[in-house]
Amino acid sequence: MSPDGVLVWLEGTAPAVAVRDGRWTYALTGSVHLVGLAMLFGAIAIFDLRLLGASRRLPVTALARHALPWSRAAFALTASSGFLLFSANASQVAHNTAFQVKVLLIGAAGLNIWLFHTGVFRTVRDWDVDARPPPSARAAGLVSLATWTIVIVCGRLIAYT
């Protein structure tokens, strides 16, 4: 089956049809997506701002214990609702440049998270309470904030491009 055939098949699945054709399902799924995104970006932004040197009163590990579980749960909510929204109009959305950039940036954000957690975060005990974390931690925070901000912008542009 061709990639376009997979997209057409996806649009024909029961969840995609329900989201696309239901009286309230598309709007409700979009609302769930936005709530999840707000929770995700809020948790990420708080943690990343701490990496950039803001909110110096809280150790990085303490903030990680509180913010990162919320970001994981919010990502699951956002990804699942986003997939439902995508599936409703997969043939059209898959060819949208803003969507393509969004997906690539989500991948880049995931890579940034992986590099951070397998790299500088392993030494967090050495800089946990420092007002200014090491340059690699600050860079990860800056890349994260920028990437997720652009992901949000691209998500909004999908409807207009």
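Structure shown above.
Because the structure is predicted, anything quoted here is derived from the model rather than measured. (Residues numbered from 1 in each chain as written. Predicted model: local features only at pLDDT ≥ 70, side-chain atom pairs only at ≥ 80, totals over all residues. Heavy atoms only, no water.)

## Quick notes on the packing of helix α3 (residues 25-51) against helix α8 (residues 135-158)
Look at α3 against α8: their axes get within 8 Å of each other, and the N-to-C directions meet at 155°. Put simply, α3 runs roughly antiparallel to α8. The handedness of the crossing between α3 and α8 comes out as left-handed. Note on element contacts: α8 touches α3 through Ala137, Arg138, Gly141, Ser144, Leu145, Trp148, Thr149 and Ile152, opposite Leu37, Leu40, Phe41, Ile44, Ala45, Asp48, Leu49 and Leu51. Each residue belonging to the contact of α3 with α8 can be placed in one class, and the counts come to eleven nonpolar, three polar and two charged. (Axes fitted to C-alpha atoms, helices over the stretch in contact; angles between N-to-C directions. Helix = DSSP H or I, 4+ residues; strand = E, 2+ residues; numbered from the N terminus. Parallel < 35°, antiparallel > 145°, perpendicular 65-115°, else oblique. Left-handed = near helix turned anticlockwise from the far one by under 90°. Contact = heavy atoms within 4.5 Å. Nonpolar A, V, L, I, M, F, W, Y, C, P; charged D, E, K, R; others polar.)

## Notes on the pattern of salt bridges
Should their charged atoms come close, side chains of opposite charge can pair. Enumeration over the complete set of coordinates arrives at one salt bridge. Among the salt bridges present, the one from Arg20 reaches Asp21, with a minimum N-O distance of 3.6 Å. Judged by its relative accessible area of 52%, Asp21 falls in the exposed class. (Salt bridge = Lys/Arg side-chain N within 4 Å of Asp/Glu carboxyl O. Buried < 20%, exposed > 50% of the residue type's maximum accessible area, 1.4 Å probe, protein only.)

## Some thoughts on the nonpolar core
Phe47, Leu51, Val60, Phe116, Phe121, Trp127 and Ala137 are the most contacted members of the largest nonpolar core, which has 14 residues in total. Elements that contribute at least two residues to this core include exactly α3, α4 (60-88), α7 (124-127) and α8. For this core, the element with the most residues is α4, which contributes five residues. When residues no more than four places from it in sequence are discounted, the contact partners of Phe116 are Phe47, Leu51, Phe121, Trp127, Ala137 and Ala140. Listed in part, the nine residues of the second largest apolar core include Leu10, Ala94, Ala98 and Ile158. (Core = buried A, V, L, I, M, F, W, Y, C linked by side-chain atoms within 4.5 Å.)

## As for the packing of aromatic side chains
Scanning the entire structure with this criterion turns up six aromatic pairs. Taking 6.0 Å as the distance between ring centres and 80° as the angle between the ring planes, the aromatic pair formed by Phe47 and Phe116 counts as edge-to-face. A residue pair is termed long-range when its members are at least 10 positions apart, and Phe47 in helix α3 and Phe116 in helix α6 (residues 97-118) qualify at 69 residues. A ring pair is formed by Phe86 and Phe99, whose centres lie 5.0 Å apart and whose planes are at 10°; its orientation type is stacked. Here Phe99 lies in helix α6 and Phe86 lies in helix α4, a separation of 13 residues in the sequence. Per residue, the accessibility class of Phe86 equals that of Phe99, and both read buried. (Phe/Tyr/Trp six-rings, centres within 6.5 Å; stacked < 30°, edge-to-face > 60°.)

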